[in-house]
Amino acid sequence: MDDKNKFEASSKYFTICVYCVLTVLIMALIVKAVFFWESTSATIRNLLSALSPFLIGILIAFLINPLVNWIRQTILIKLFHIKNKGLNKLLAIFLAYFIILFIITLGIVYLVPEVIDSLNMLLNQMPSWAKSITNFFNELAKKYPDLQFEYLQRTISTADVTLQNILSNLISTLTNTIVATGVSIVRFLFNFIVAIIISCYLLIDKKTQTRGIKRIIFAFFKKETAEKICSVARGAITTFSNFFDGKMLDSLIVGSLCFICMMIISLFGIKGFASCSLLISIIICITNMIPYFGPFLGGIPSVLLLCIYSPKSGFVFAILIIVLQQLDSNVIEPKILGASTGLRPLWIIFAITIGGWCAGVAGMLLGVPCVAVVSGLMEEIVNERLEKKGIDMPVLNNEKVRRNKVQKDSKKTILMKLFKKK
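The text that follows walks through the structure, step by step, so that each part is easy to find. (Residues numbered from 1 in each chain as written. Predicted model: local features only at pLDDT ≥ 70, side-chain atom pairs only at ≥ 80, totals over all residues. Heavy atoms only, no water.)

Now for the overall build of the chain. Counting its secondary structure elements, the chain contains 13 helices and zero strands. Counting from the amino terminus, helix and strand elements in the chain follow one another as α-α-α-α-α-α-α-α-α-α-α-α-α. Taking all 422 residues of the chain together, 25% fall into the buried category. For the chain, restricting intrachain contacts to residue pairs at least 6 apart in sequence, the fraction spanning at least 24 positions comes to 69%. (Helix = DSSP H or I, 4+ residues; strand = E, 2+ residues; numbered from the N terminus. Buried < 20%, exposed > 50% of the residue type's maximum accessible area, 1.4 Å probe, protein only. Contact = heavy atoms within 4.5 Å.)

Here we take up the nonpolar core. The biggest cluster of nonpolar side chains holds 19 residues, and the ones touching the most others in it are Met262, Phe273, Ile280 and Phe317. Those residues in contact with isoleucine 280 that lie beyond four places of it in its chain are Cys258, Met262, Ser302, Leu305, Leu306 and Phe317. Counting residues in each nonpolar core, the second largest holds 14 residues, with Leu76, Ile93, Ala96 and Ile196 among its members. (Core = buried A, V, L, I, M, F, W, Y, C linked by side-chain atoms within 4.5 Å.)

Below, the discussion takes up the side chain of serine 277. Relative to the assigned elements, serine 277 resides in helix H9 (residues 273–287). A distance of 3.2 Å separates the side chain of serine 277 from the backbone oxygen of alanine 274, its partner in a polar contact. Leave out the neighbours within four places in its chain, and serine 277 touches Glu114, Phe259, Met262 and Met263. (Polar contact = N/O pair within 3.5 Å; in protein donor to acceptor, adjacent residues only side chain to side chain.)

Our focus in this paragraph is the pattern of salt bridges. The tally for this structure, following the rule as stated, stands at three salt bridges. Glutamate 380 is paired through a salt bridge with lysine 228; the nearest N and O atoms lie 3.1 Å apart. Of this pair, glutamate 380 sits in helix H12 (residues 345–388) while lysine 228 sits in helix H8 (residues 223–266); the two residues are 152 residues apart in sequence, bridging distant segments of the chain. Given the relative accessible area of 38%, glutamate 380 is considered partly exposed. As a salt-bridge pair, glutamate 384 and lysine 228 come within 3.4 Å of each other at their nearest N and O atoms. In this pair, glutamate 384 sits in helix H12 while lysine 228 sits in helix H8, placing the two residues 156 residues apart along the sequence. Each of Lys228, Glu380 and Glu384 takes part in one network of salt bridges that share partners. (Salt bridge = Lys/Arg side-chain N within 4 Å of Asp/Glu carboxyl O.)

Where helix H7 (residues 206–220) meets H8, the closest approach of the two axes is 8 Å, and the angle between their N-to-C directions is 145 degrees. For the pair H7 and H8, the crossing hand works out as right-handed. Residues Lys214, Ile217 and Phe218 of H7 pack against Lys223, Ala226, Glu227, Ile229, Cys230 and Arg234 of H8. Class assignment of the residues belonging to the contact of H7 with H8 gives a composition of five nonpolar, no polar and four charged. (Axes fitted to C-alpha atoms, helices over the stretch in contact; angles between N-to-C directions. Left-handed = near helix turned anticlockwise from the far one by under 90°. Nonpolar A, V, L, I, M, F, W, Y, C, P; charged D, E, K, R; others polar.)

Listed below in structure tokens is the structure:
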């Protein structure tokens, strides 16, 4: 065979072919996602449903890891002097899960009966409310006979009967609903147990898995790119960890303060504060995880719940939650979180809004750290580009100071001219 017609392998053309194939595949996926969005979204939902035990397990491991480290360092090593790494790691993981499951079980045992009692009390109070409102409109009709209140009275009566029927059916069919959704509950329990097992393995083999991921990154990317990826990943993990650790501690403090304040206020004879203190404090503690909007999301239903006992109770709690929110935002949260996210309030509100639109409550929780990570990356990129162009922030700041000085000098010149004219 002639040497001219002999095929020779070329890494250059092979790389071009690989890039062309990847480009075509990516364009095909984009076209399918845009023009066949229903099937694409169904596929994504099925994939997330199948991977949900792993995703929940990763989230549980991420959230419980600080507690495991604290138990290991503070209790097992310093207090009990257990130096064996494998033993104190296993004991710390066991104790951390035991504490979390004990708190969840205790909350369920106390909360479920209290929620049912609150619903029953709401059902019993509704006729008296409707009667009071109807009497109020009757008095107005006597004082102002020209005004027509019959439509409002009929609406109130109908709404009262409708809400009573809805709540009665809800309470009476609660057992049937639980039985009917037994398959979903069993599936959730199975996924939850698998997620706990996965999180245990992640916590036990954390160093081995981290080393394995680094090996893969350095194997498929250049050294500089791999180091950049690892640096970005470390920064993202640090941001998420600082945010969730600080926010959980902050929410726990706010929930505890709410419980203590409600128990103290109940001593002055305010109805409902003693019986609903635990339920409302847990609601406030959980919703406080969401920045800015969390206190309102937990405060509004709590105020409505206390209005079952008396409007005065709801009004007093509204004042209490406003005071707690101001104390949290101005004193507690800055001390605990500090500048963990580094975001301005406008970006935090933007992150919560977009996150809530995309993924509901979970998106509102994850939106702030995600935007913080993206903001940090953008800041690094901008700084690198400014550095390449030989521009640094002091130069920009000096330019701003110089511009302000010129504007002030020009204003002084104009005033001097006006003064001379006078």
